[in-house]
Amino acid sequence: MAAFSKAYLAGLLAVLTGAAVLAGCGTDSTSSGGGGGAQTIQIWEGYTAAEAKAFSHLVSEYEAQHPGQKVSPLFVNNDNTLQKVLTAVRGGSPPDIAYLYGSWAPNVAQIPQVANLTQVVQRPGVNWNDFWTGERAVATVNGKVIGIPAVVDNLAVVYNKTLFAKAGLQPPGPDWTWQEFMADAKKLTNPAIKQFGTAYVTPGTEDTVWHWEPLLWEAGGQLLTPDNKKAAFDSAAGLASLNTLRTMAVTDKSMYLDPSDSTYSNLFNSGKIGMLVTGPWDLSAFPNVKYGVQVMPAYPGTTGGHQTISGPDNWVIFNNSPARVAAAEQFLLWLTAPAQVKYWAVQTGNLPSRQSVGDSAAVTQQMNAALPGVGAFIANLANVKQARPQISQYPKISTILGNMVVSVLLGKSQPQAALTAAAQQVDQALAAG
Amino acid sequence: MRRGVVSSEQFTGWAFVTPAAVIIGLFGAAPIVWSLVMSFQENNLLSPSTPFVGTANYRKLAHDPVVAQAIQHTLVYTVLFVPGTMAVGLFLAVAMNRKIRFISLYRTAAYATIAISTISEAIVFLWLFDPSYGVVNYFLSWFGVPPQQFLNSPSQALYVIVIMTIWGWTGFSVVIYLAALQGVPQQLTEAAAIDGAGPWQAFRRVTLPLLSPATLFLAVWLTINALQLFDEVYLSTQGGPLNATTVLVYYLYTQAFQQFNFGYASAIAYFLFVVIIVITVIQFRVGRRFTYYRS
Amino acid sequence: MTATSAPARGGVRSPAGGAVRGARRRWRLPFSPWHLVLIPATIVLIFPFVWLVITSVQTPAEALHFPPVLIPHQIRLANYPDALNSAPFGRFFVNSAIVAVVTVLSNLVLCSLAGYAFARFRFLGRTALFAVIMATLMVPFQVTMIPQFIITKWLGVHVLAAVGINHIGALILPNAATAFGIFFLRQFFRTLPLEYEESARVDGASRLTVLIRIVLPLATPALATLAALTFLDSWNNFLWPLIAITSTNQMTLPLGLATFQGAHQTEWTLLMAANVMSLIPMLCIFFLAQRHFIRSVAATGLAGT
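No experiment lies behind these values; they were computed from the predicted model shown.

1. Let's talk about the overall build of chain A
Stage number 1. Check the secondary structure of chain A and you find 17 helices and twelve strands.
Stage number 2. In terms of overall dimensions, chain A has C-alpha extents of about 70 × 70 × 50 Å along its principal axes.
Stage number 3. Taking all 433 residues of chain A together, 53% fall into the buried category.
Stage number 4. When contacts within chain A are restricted to residue pairs at least 6 apart in sequence, those whose partners lie at least 24 apart make up 71%.

Right, here's the structure in full:
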């Protein structure tokens, strides 16, 4: 290779740097508002596939209906949003709206730039109570409303009809119990063909924890005392719930343990798993099986019933300037109005975030036609009676509980010992404040 | 005359390094100093108030059982990963340092392993090592070995990560050693052969010493990276099961962005920084005795 | 390793001593025995890549299987245009290309200068500066990204808009010179025999001329390697662009690939198709660069075979 001519390289560098600068200049730095009267707001969301298309459509519709308002979406995978938001906030450039997981709400509420929406949601026509109880609970921290519900879901049991028929089992009924679930799981397990009755995700994160919490509630238990100062799950209910998991994972070996978060759904779709406790978002991942949806089982003799858990997420507004906050509020209130909620639910298969839309038989019918089984999830929203504790120490507690559940599932500790140890750690974490 | 040469060398020396030094100083050194300051604060990244708490974060670090576990896992991982990657890389580089047919394809295959995204790597390894459906258990069953739990087992998960990352970094090792092998003149190895040395002796006496600068480079670089392992853990086991694959950087990430303890995370980062410096200095010192530079 | 092992089996050793090219025809095997090592090794190395390509041509339903289907029943090449159309990938590609090419060229120039200085010159503060540069490698990005964001924002506002937040200049500048490049080239330059440089200096050449005319041509394998690795690092960089870019038309390819990964569902077939398309430029760069990994005999001035 010929000797490098520094001039040649420098020239090339200059040309390309020039191109970079020009490309850079070509961007309008995002939301500046002003100039020509167009108000632009920036919204960070993690929508893909059908959701992305539906959201695009809604944005165009909003801009057409509201001349002078521009909405500039930016895709950020939901798992990465917190890092990006926190960095942006520290650096003084938060977005106008961001999609944030509900479990972050108690901590997000501490960010001073987060807009207080308590008065906003009381405006006439908003109908705050039309949102499901679980959603409103997660959007409110210490009486302050910090977000508008973006999505609602819940956990129910999705089962493989074909496998049930092959095993000669009756499909789950609305009054079924955990005993029946365990028995079905055992019958559906066949090591020879590597078939499992059920599955559980074991990364030890909140995903692991929130699949266990409904069992605790169904057994009549509570996570924390009402004042959120001490652990309350080291009880008969806690023991019952962990024993259920242990029987399936360790004794019967009817439970496939998934350390990732995606293998279990592919396995179900390949007909290798009989039943899953999962949410409506997974239904579109099962094109190859005939599935049915049923409420979660109950523990007979307790007050828990067929309770389930919900994981709502929030649209959060950040204060960049009063004009932009106002524009953001206007957009979000429009986005979460019944007409748009209905459009969103029907197009994407997400559960309607408003009760008025969810109670409509026509909507349920339409959604079931596109995505069988989703109607059962909508109905199951009535089984959401409580939410996870809305306290800023919840992440710490989540880690402790995650380890507790995983250690029982892996057979590394006995349920009672795990409960006691975890309760002690949770008490310490809560006391440390 | 001499003084003129010395001062011009000072000047040229600084002139040559300044552009790079400015960039690295601004974007590398300044943030590091900033982070050091943050490690003495209580900072949850949420509210702007970040009060100084002195050495509280460091004292917390000293008593945190998870930090002790993370240190152990990080060191075990590094001790296995670094020599493993270098050995495999050296072997393959030597194999690829010849002009046989398809050699470009073989080399590109090695490079492809570093080009592939970590998420694809994680998915494939999660599959290969699946306790029920994975190929590795299938192969082991041929030898009568019962199915292993691998990533579901607190005692095995870290080793699976070692294998996964050795796979992922082999290409890097190969590429570095290939470049270095070009500095081994054939005359020397041929002379050794003529002197009656067998191929292994020629390799050990001639090639390896001439490769020692590359070996030192790889040892230092791979160690620095191994001690900061994060991506593969984040994408496969999330530090589990039961903290079995929690390494220091993963732990500090969870502290910063899940537990909102950013000051504490900075302190962990600084602790790791000191560990890395100490190990790197030791490597350079040891390296000085074993590295042979032809100048 | 030379091939002195094989000729011992019965071939006549060529006078130049076991160079593979000449001896091949005298061996019993019709091909080099190294293929027997390289082929299985390559299979192990590219296996995930094979899975990636297969997934990229599957139907979405078939991609939702576990264990993954390796012999699809249906091939769906439409995944590729579908992936390209689901986001402005043309723009992402251009952004990534500009960032990568400028970063590589800048590194080649700046790291050569600095690496050479650290390798050959003695100047006050040399060791300390090298230590500081190496130290920047030792703190994880998760901790430095917030200060780096703030610094970048400040630069964009007070110095040059094109290197501020949400410009691709902000992706180039922090990596315009890397500690990796400096360290790597320093090691490599130190392996070169001093004679050439010294004789050129005696002839009155300036240090810069020595670097450009004598050292760099000898360092072609190292420069090609550095180019390939820097390109790869830049092309695949995800976390800093995630933090620094706030509008879609400034996104780079890795951010574009993330648009297929939703919170609960990932569009695997489109993601893998996009991954394949993203890998192709990297592999091409490498394929071109690796020809220079073998230094041409003429350039070294060594009497060869």
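2. With respect to the overall build of chain C
Stage number 1. A count of helices and strands for chain C gives 16 helices and zero strands.
Stage number 2. Here chain C holds 305 residues, and the buried ones make up 55% of them.
Stage number 3. Sequence separation of 24 or more characterises 64% of the internal contacts of chain C that already satisfy a separation of 6 or more.

3. Let's talk about the pairing of strand E9 (residues 255-258) of chain A
All names here are of chain A.
Stage number 1. Side-chain alternation along E9 places Met 255 and Leu 257 on one buried face and Tyr 256 and Asp 258 on a second face that is also buried.
Stage number 2. By the bridge criterion, four bridges tie strand E8 (residues 196-201) to E9 in an arrangement that is parallel. Across the sheet, Thr 198 pairs through a bridge with Met 255, a residue of E9.

4. A closer look at the packing of helix H9 (residues 179-191) of chain C against helix H12 (residues 220-236) of chain C
Residues and elements named next belong to chain C.
Stage number 1. Here H9 crosses H12 at 165°, and the two axes come no closer than 10 Å. By the angle between their directions, the pair H9 and H12 is classed as roughly antiparallel. As H9 runs across H12, the sense of the crossing is right-handed. Residues Gly 181, Phe 184, Leu 185 and Phe 188 of H9 pack against Ala 222, Leu 226 and Thr 230 of H12.
Stage number 2. Its residues assigned to classes, the contact of H9 with H12 comprises five nonpolar, two polar and no charged.

5. Concerning the domain arrangement of chain A
When the parts of a complex come together, some accessible area is lost, and that lost area is often taken as the interface size.
All names here are of chain A.
Stage number 1. Domain annotation for chain A reports domain 1 (39-146 + 311-381) and domain 2 (156-309 + 386-432).
Stage number 2. The C-alpha centroid of domain 2 is placed 29 Å from the C-alpha centroid of domain 1.
Stage number 3. Across the boundary between the two partners, domain 1 contributes 17 residues, which contact 18 residues of domain 2.
Stage number 4. At four residues, helix H15 (residues 374-380) tops the list of elements feeding residues into the side of domain 1 that touches domain 2.
Stage number 5. Broken down by class, the residue content of the side of domain 1 that touches domain 2 amounts to ten nonpolar, seven polar and no charged.

6. Brief notes about the nonpolar core
Stage number 1. Ranked by internal contacts, the top residues of the largest apolar core, which has 320 residues, are Ala 114 and Ala 228 of chain C.
Stage number 2. Contact partners of Ala 228 of chain C, with chain neighbours within four places excluded, come to Tyr 111 and Val 175 of chain B together with Ile 285, Phe 286 and Ala 289 of chain C.

7. What to know about the domain arrangement of chain C
Stage number 1. Domain assignment breaks chain C into domain 1 (23-82) and domain 2 (87-259).
Stage number 2. On a C-alpha basis, the centres of domain 1 of chain C and domain 2 of chain C stand 34 Å from each other.

8. Description of helix H11 (residues 248-257) of chain B
Stage number 1. The element H11 of chain B is extensively covered by neighbouring structure, given that ten of its ten residues are classed as buried.
Stage number 2. Buried within H11 of chain B we find Leu 248, Val 249, Tyr 250, Tyr 251, Leu 252, Tyr 253, Thr 254, Gln 255, Ala 256 and Phe 257 of chain B.
Stage number 3. Where H11 of chain B is buried, its residues contact helix H3 (78-90) of chain A, helix H3 (65-96), helix H10 (231-236) and helix H12 (262-290) of chain B together with helix H7 (141-158) of chain C.

9. Structural notes on the sheet that holds strand E2 (residues 69-75) of chain A
Residues and elements named next belong to chain A.
Stage number 1. In spatial order, the strands read E2-E1-E3-E12-E6; together these five strands make up an open sheet with mixed pairing. At either margin of the open sheet sits one strand with a lone partner, and together these are E2 and strand E6 (148-151). Ignoring strand direction, the axes of neighbouring strands in this sheet form an average angle of 30°.
Stage number 2. As defined by bridge partners, E6 adjoins strand E12 (residues 313-317) across three bridges and the pair is classed as antiparallel. Looking at E12, one finds that Pro 149 is bridged to Asn 314.
Stage number 3. Along the sheet, H3 makes contact with strand E1 (39-45) and strand E3 (97-101), crossing E3 at roughly 120°.

10. Digging into the interface of chain B and chain C
Stage number 1. The interface of chain B with chain C comprises 83 residues on the first partner and 87 residues on the second.
Stage number 2. Top element by residues in the side of chain B that touches chain C is helix H1 (residues 2-38) of chain B. It accounts for 21 residues.
Stage number 3. By residue class, the composition of the side of chain B that touches chain C is 56 nonpolar, 20 polar and seven charged.

11. Re unusual backbone geometry
Stage number 1. With an omega of -10°, the peptide bond running from Gly 240 of chain B to Pro 241 of chain B counts as cis.
Stage number 2. In this structure, Pro 241 of chain B sits in the loop between H10 and H11.
Stage number 3. Pro 67 of chain C follows Phe 66 of chain C through a cis peptide bond whose omega is -5°.
Stage number 4. With respect to the helices and strands, the residue Pro 67 of chain C is situated in the loop between helix H3 (60-63) and helix H4 (79-85).
Stage number 5. Backbone geometry at Lys 253 of chain A places phi at a positive 50°, although glycine is not the residue there.
Stage number 6. Within the secondary structure, Lys 253 of chain A sits in the loop between helix H9 (236-251) and E9.
Stage number 7. For Lys 253 of chain A, a count of 16 C-beta atoms within 10 Å translates into the label partly exposed.

12. Things to note about the packing of helix H5 (residues 89-120) of chain C against H12 of chain C
Pairs of packed helices are described in terms of their axes, by the angle between the two and the distance that separates them.
Residue and element names in this part refer to chain C.
Stage number 1. Between H5 and H12, whose axes approach to 9 Å, the crossing angle comes to 140°. In this structure, the crossing between H5 and H12 has a hand that is right-handed. Of the residues in H12, those in contact with Ser 96, Val 99, Ala 100, Thr 103, Val 104, Asn 107, Leu 108 and Cys 111 of H5 are Leu 223, Leu 226, Ala 227, Thr 230, Phe 231, Ser 234 and Trp 235.
Stage number 2. The residue inventory of the contact of H5 with H12, partitioned by class, reads ten nonpolar, five polar and no charged.

13. So, the confidence of the model for chain A
Detail in the predicted coordinates should be disregarded across regions flagged by low pLDDT.
Stage number 1. For chain A, mean pLDDT is 91; residues scoring 70 or higher make up 91% of the total.
Stage number 2. Across residues 22-36 of chain A, confidence stays below pLDDT 50; counting only partners more than four residues off in sequence or on other chains, it has 29 contacts.

14. A short note on the sheet that holds strand E7 (residues 156-160) of chain A
All names here are of chain A.
Stage number 1. Ordered by their spatial adjacency, five strands build an open sheet running E9-E8-E10-E7-E11, and the pairing between neighbours is mixed. Lying at the two open borders of the sheet, with one neighbouring strand each, are E9 and strand E11 (291-294). Taken pair by pair, the neighbouring strands of this sheet meet at an average axis angle of 25°, ignoring direction.
Stage number 2. Note that E7 and strand E10 (residues 273-278) share four bridges and pair antiparallel. Looking at E10, one finds that Val 157 is bridged to Val 277.

15. Focus on H9 of chain C
All names here are of chain C.
Stage number 1. Across its 13 residues, H9 extends 19 Å between first and last C-alpha, which sits within 8% of the 18 Å expected from 1.5 Å per residue.
Stage number 2. Within H9, twelve of the 13 residues are buried, leaving the element largely enclosed by the surrounding structure.
Stage number 3. Taken as a whole, H9 has its buried residues at Ala 179, Phe 180, Gly 181, Ile 182, Phe 183, Phe 184, Leu 185, Arg 186, Gln 187, Phe 188, Phe 189 and Thr 191.

16. A short note on the environment of Ala 105 of chain A
Residues and elements named next belong to chain A.
Stage number 1. For Ala 105, the location among the structural elements is in helix H4 (residues 105-108).
Stage number 2. With 24 C-beta atoms counted inside 10 Å, the residue Ala 105 sits in the buried group.
Stage number 3. Setting aside chain neighbours within four positions, we find Ala 105 in contact with Val 138, Ala 139, Val 141, Ile 146, Gly 147, Asn 314 and Gln 390.

17. Notes on the pairing of E12 of chain A
Stage number 1. Among the five residues in E12 of chain A, five count as buried, and that is most of the element.
Stage number 2. Residues Asp 313, Trp 315 and Ile 317 of chain A line one face of E12 of chain A and the alternating positions Asn 314 and Val 316 of chain A line the opposite face, and both faces are buried.

18. Describing the environment of Gly 169 of chain C
Stage number 1. Mapping Gly 169 of chain C onto the fold places it in helix H8 (residues 169-172).
Stage number 2. With 82 residues separating them along the chain, Gly 169 of chain C and Met 251 of chain C place their C-alpha atoms 12 Å apart.

19. Quick word on the environment of Ala 202 of chain B
Stage number 1. On the secondary structure map, Ala 202 of chain B appears in helix H9 (residues 199-226).
Stage number 2. Those residues within four positions of Ala 202 of chain B in sequence are excluded, and the remaining contacts are Thr 189, Ala 192, Ala 193, Ala 197 and Thr 207 of chain B.

20. Regarding the confidence of the model for chain C
All names here are of chain C.
Stage number 1. Mean pLDDT for chain C: 85, with 87% of residues reaching 70 or above.
Stage number 2. Below a pLDDT of 50 lies the segment residues 1-23, which in the model reaches 46 contacts outside its immediate sequence neighbourhood of four places, other chains included.
Stage number 3. Taken as a whole, residues 296-305 scores under 50 in pLDDT and shows eleven contacts with residues more than four places along the chain or in a different chain.
Stage number 4. Interface scoring of the predicted complex returns ipTM 0.89; its pTM is 0.90.

Thresholds applied
- Residues numbered from 1 in each chain as written.
- Chains lettered and ligands numbered in written order.
- Predicted model: local features only at pLDDT ≥ 70, side-chain atom pairs only at ≥ 80, totals over all residues.
- Helix = DSSP H or I, 4+ residues; strand = E, 2+ residues; numbered from the N terminus.
- Buried ≥ 20, exposed ≤ 12 C-beta atoms within 10 Å, placed from the backbone.
- Contact = placed C-beta atoms within 7 Å.
- Pairing = 2+ DSSP bridges.
- Axes fitted to C-alpha atoms, helices over the stretch in contact; angles between N-to-C directions.
- Parallel < 35°, antiparallel > 145°, perpendicular 65-115°, else oblique.
- Left-handed = near helix turned anticlockwise from the far one by under 90°.
- Nonpolar A, V, L, I, M, F, W, Y, C, P; charged D, E, K, R; others polar.
- Domains from an automatic or database assignment.
- Core = buried A, V, L, I, M, F, W, Y, C linked by C-beta atoms within 7 Å.
- pLDDT = per-residue confidence, 0-100.
- Expected span 1.5 Å × (residues − 1).

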